[in-house]
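# Reading the structure
Spelled out, the chains give:
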Amino acid sequence: MLNRVVELQKANEELIRAKEAAESANRAKSAFLATMSHEIRTPMNAVLGFADLLHSLVTDPKQRGYLESIRSSGKNLLTLINDILDLSKIEAGKMEIQYEPVNLYAIINEIKHIFSLRIAEKGLDFRVEIAKDIPQSLLLDEVRLRQILFNLFGNAVKFTHEGYIGLCAKKIYQHEDRSSLDLVIAVEDTGIGISPDSTEKIFEAFKQQDSQTTRKFGGTGLGLAITKRLVEMMRGKISVKSEVGKGSTFEIVLHDVSVSATPARVKAEENFDDEKILFQPCTALIVDDIETNRNLVKEFIRDTNIRVIEAENGEKALALAREFKPDVILMDIRMPGMDGYEATKQIKQDKEIAHIPVVALTASGMKEDKEKIARTKFDGFLIKPVNRSDLFKELSRFLPYSESTSPEKASGTSEAQKQIGEVPAEMMDKLPEIIEKLEKEFTPWWKSVRENNSIADIQNFGDKIKAFGEQYGIVNFQKFGDNLILQAKMFDIENIGATLESYPKLAEKVRLRQAQSNRSEK
Ligand code: ADP
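Calculation criteria
Residues numbered from 1 in each chain as written. Predicted model: local features only at pLDDT ≥ 70, side-chain atom pairs only at ≥ 80, totals over all residues. Heavy atoms only, no water. Helix = DSSP H or I, 4+ residues; strand = E, 2+ residues; numbered from the N terminus. Buried < 20%, exposed > 50% of the residue type's maximum accessible area, 1.4 Å probe, protein only. Contact = heavy atoms within 4.5 Å. Areas by Shrake-Rupley, 256 points an atom, 1.4 Å probe, with all protein chains shown as cover. Axes fitted to C-alpha atoms, helices over the stretch in contact; angles between N-to-C directions. Parallel < 35°, antiparallel > 145°, perpendicular 65-115°, else oblique. Left-handed = near helix turned anticlockwise from the far one by under 90°. Nonpolar A, V, L, I, M, F, W, Y, C, P; charged D, E, K, R; others polar. Pairing = 2+ DSSP bridges. Salt bridge = Lys/Arg side-chain N within 4 Å of Asp/Glu carboxyl O. pLDDT = per-residue confidence, 0-100. Core = buried A, V, L, I, M, F, W, Y, C linked by side-chain atoms within 4.5 Å. Phe/Tyr/Trp six-rings, centres within 6.5 Å; stacked < 30°, edge-to-face > 60°. Lys NZ or Arg CZ within 6 Å of the ring centre and 35° of its normal.

Let us now look at the overall build of the protein. Regarding its fold elements, the protein presents 18 helices and 14 strands. Counting the 522 residues in the protein, one finds 43% classified as buried. Considering only contacts in the protein between residues 6 or more positions apart, those separated by 24 or more positions represent 70%. Summed over all atoms, the accessible surface of the protein reaches about 28,000 Å², with 51% contributed by carbon and sulfur.

Axis separation between helix H14 (residues 431–452) and helix H15 (residues 455–472) bottoms out at 10 Å; the angle between their running directions is 165°. In terms of axis orientation, H14 runs roughly antiparallel to H15. By crossing handedness, the relation of H14 to H15 is classed as left-handed. Packed against H14, whose contacting residues are Glu433, Ile434, Lys437, Leu438, Phe442, Trp445, Trp446, Val449 and Asn452, the element H15 presents Asp457, Ile458, Asn460, Phe461, Lys464, Ile465, Phe468, Gln471 and Tyr472 at the interface. A breakdown of the residues in the contact of H14 with H15 according to their chemical character gives 11 nonpolar, three polar and four charged.

Moving on, we get to the sheet that holds strand E4 (residues 164–173). Sheet architecture is open: five strands sit in the order E2-E4-E5-E7-E6, paired in mixed fashion. In this open sheet, the two edge strands, each paired with only one partner strand, are strand E2 (125–130) and strand E6 (236–243). On average, each strand axis in the sheet is inclined to that of its neighbour by 10°, with strand direction left out of account. Where E4 meets strand E5 (residues 180–189), nine bridges bridge the pair, whose relative direction is antiparallel. Bridge assignment links Tyr173 to a residue of E5, and that residue is Leu181. Sheet contacts for helix H4 (residues 142–158): E2, E4, E5, E6 and strand E7 (247–258); angle to E5, the most-contacted strand, approximately 20°. With respect to the sheet, helix H6 (residues 223–233) is in contact with E6 and E7, its orientation differing from that of E6 by roughly 140°.

Next up on the list: the sheet that holds strand E9 (residues 282–287). Read across the open sheet, the five strands follow the order E10-E9-E11-E12-E13; overall the sheet is parallel. Pairing within the sheet leaves two strands with one partner each, and these edge strands are strand E10 (306–311) and strand E13 (380–383). Pairwise comparison of adjacent strand axes, ignoring direction, gives a mean angle of 20° for this sheet. The pairing of strand E11 (residues 328–332) with strand E12 (residues 358–362) spans four bridges and is parallel. Pairing of Met331 across the sheet is with Ala360, part of E12. Sitting on the sheet, helix H9 (residues 340–349) is in contact with E11 and E12, with an inclination near 150° to E11. Helix-sheet contacts for helix H11 (residues 388–396) involve E10, E11, E12 and E13, and the interaxial angle to E13 is about 175°.

A complete count under the given rule lists 20 salt bridges for this structure. Residues Arg146 and Glu142 are paired through a salt bridge, measuring 2.8 Å at the closest nitrogen-oxygen approach. On the criterion of helical spacing, the pair formed by Arg146 and Glu142 is a turn pair, its members being four residues apart in helix H4. On the basis of relative accessibility, which here comes to 18%, the residue Arg146 falls in the buried class. Given a relative accessible area of 13%, Glu142 falls into the buried group. As a salt-bridge pair, Glu342 and Lys345 come within 3.8 Å of each other at their nearest N and O atoms. Note that Glu342 and Lys345 are positioned in helix H9 at a spacing of three residues, about one turn of the helix. On the basis of relative accessibility, which here comes to 30%, the residue Glu342 falls in the partly exposed class.

With 89% of its residues at a pLDDT of 70 or more, the protein shows a mean pLDDT of 82. Between the elements of the protein, mean pLDDT differs from a low of 36, seen in helix H13 (residues 415–419), to a high of 96, seen in E6. In the predicted structure, residues 406–421 sits below a pLDDT of 50 and forms 19 contacts with residues beyond four places in sequence or in another chain.

To continue, consider the nonpolar core. With 47 residues, the main nonpolar core has Leu140, Leu145, Phe153, Leu183, Ile185 and Phe250 as its most contacted residues. Setting aside residues no more than four positions away along its own chain, Ile185 makes contact with Leu104, Leu145, Leu149, Leu167, Cys168, Ala169, Phe250, Glu251 and Ile252. Judged by nonpolar contacts, the second largest core, of 27 residues, contains Met427, Val449, Phe461 and Ile496.

What the rule picks out here adds up to 16 aromatic pairs. Aromatic pair Phe468 and Phe477: ring centres 5.6 Å apart, planes at 65°, arrangement edge-to-face. Through pairs of rings, three or more aromatic residues link up here, namely Phe442, Trp445, Trp446, Phe461, Phe468, Tyr472, Phe477, Phe480 and Tyr503. The cationic tip of Arg127 hangs over the ring face of Tyr164; the distance from NZ or CZ to the ring centre is 3.6 Å. Its guanidinium or amino end placed over the ring of Phe392, Arg388 lies 4.3 Å from that ring's centre, counting from NZ or CZ.

Time to look at unusual backbone geometry. With phi around 55°, Asp256 is a residue other than glycine that occupies positive phi space. Structurally, Asp256 is set in strand E7. Residue Asp256 is classed as partly exposed on the basis of its relative accessible area of 36%. Even without being a glycine, Lys325 presents a positive backbone phi close to 45°. In this structure, Lys325 sits in the loop between helix H8 (314–324) and E11.

Put into structure tokens, the structure is as follows:
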């Protein structure tokens, strides 16, 4: 008997030791992943940033194509790193849900806004149905809810080629006092659908539908794994109903969501356009130990009135801040010698320079870092890789500026919108001929090219449609053809897909033009 007790005790101790070892290994894994992601993101910062800058300098279409590949692969890599980091943080229990008053209508509007162009380019409809009686302010984690909806929406758009994307939200009260509710949000699409044996699997990490060739749609298979875990962390459930070839509906139910008495904060800067910002003459101190990082920021603000001074560590930053009293300081965090935390602490303790706003430049997404940044008296922070728009937005919080209204800079039209071209006036009498060619020749051809996905066919189709565009002076078809030819030559499968999907919209524009001219003739 005694032996048995001793044995059990021993086994218990071993179990506890094993559990502790496993937990410590898991923590080590998460710390390793976080460090690695930091190490990868820093050079990616330079790669993406400089590719961004080159974009305006390179005009040769082939070179532009190469550059686009660098940019899109870089962005994919960054998404992958961020996803892996998210998942490892969730698994190591490091991700916390932070509840705050949130306005669901505002989030859905924002999503609508972000995806509207892609939806329009694919010629899809967008149906939104939000129950009017959902309270304006609910206690939710805004960042995570946005991430969930973003993933579901992104998938719906990606896997749908015709029809519509629907978003519907409603609430169910569980208690008489109406202090909390169950929130139901569904994202519906009329896309390719999911086979019954895949509906469970797709929620696992790195899993996609069996039949799906990764190359065709890209992606990593991490989005839904993260989404499911986030939903569960918010006391919710996610489910999917789908039929192959008909479409899918992903539904999330968040239980016991509290209704907040405090109104949700509304973002004022939604329509920020960095192209319009004209900074007045002022000085910025850029602190970073890596020269390319400093050069990148310098390049972004090269054509502005901002004068730049530089430091590669905390000590030098402090000395320059005291000597030149810059109007703003961009401060890297991790630097050899005095790091960004310490330098900022000393700046804020020095009465002469404490007023200078210090913006943290951080490459890390670790919670510890965010907390430390929050504790240190930074005035703002930017996550690397920094892009021009975020940089200008942050700088505009601290530096005086005016807004330009010059038409070419301030038009606010995106590339995709500019590409929607018209049939030139002198070709209007050829409209019926143009439409007939589109309907009888190009549209059926486009359908078969899209199904077969043969590079030679795609290139041939590109050649012919470019010639068609040239014949009738329709710039969009010329551009469309040019893009296809180039992408086919470079085997740029991912972008070929996106380009091909923009065809229906281009054809539709021409038909609309005819409808307009018929109406004006009547
Ligand atoms: P990814 O999209 O990066 O592959 P996800 O985890 O978001 O990763 O999705 C996993 C897989 O689930 C997708 O590759 C696809 O096979 C399937 N899937 C997700 N959403 C849809 C949808 N709306 N329609 C069809 N299939 C989908």
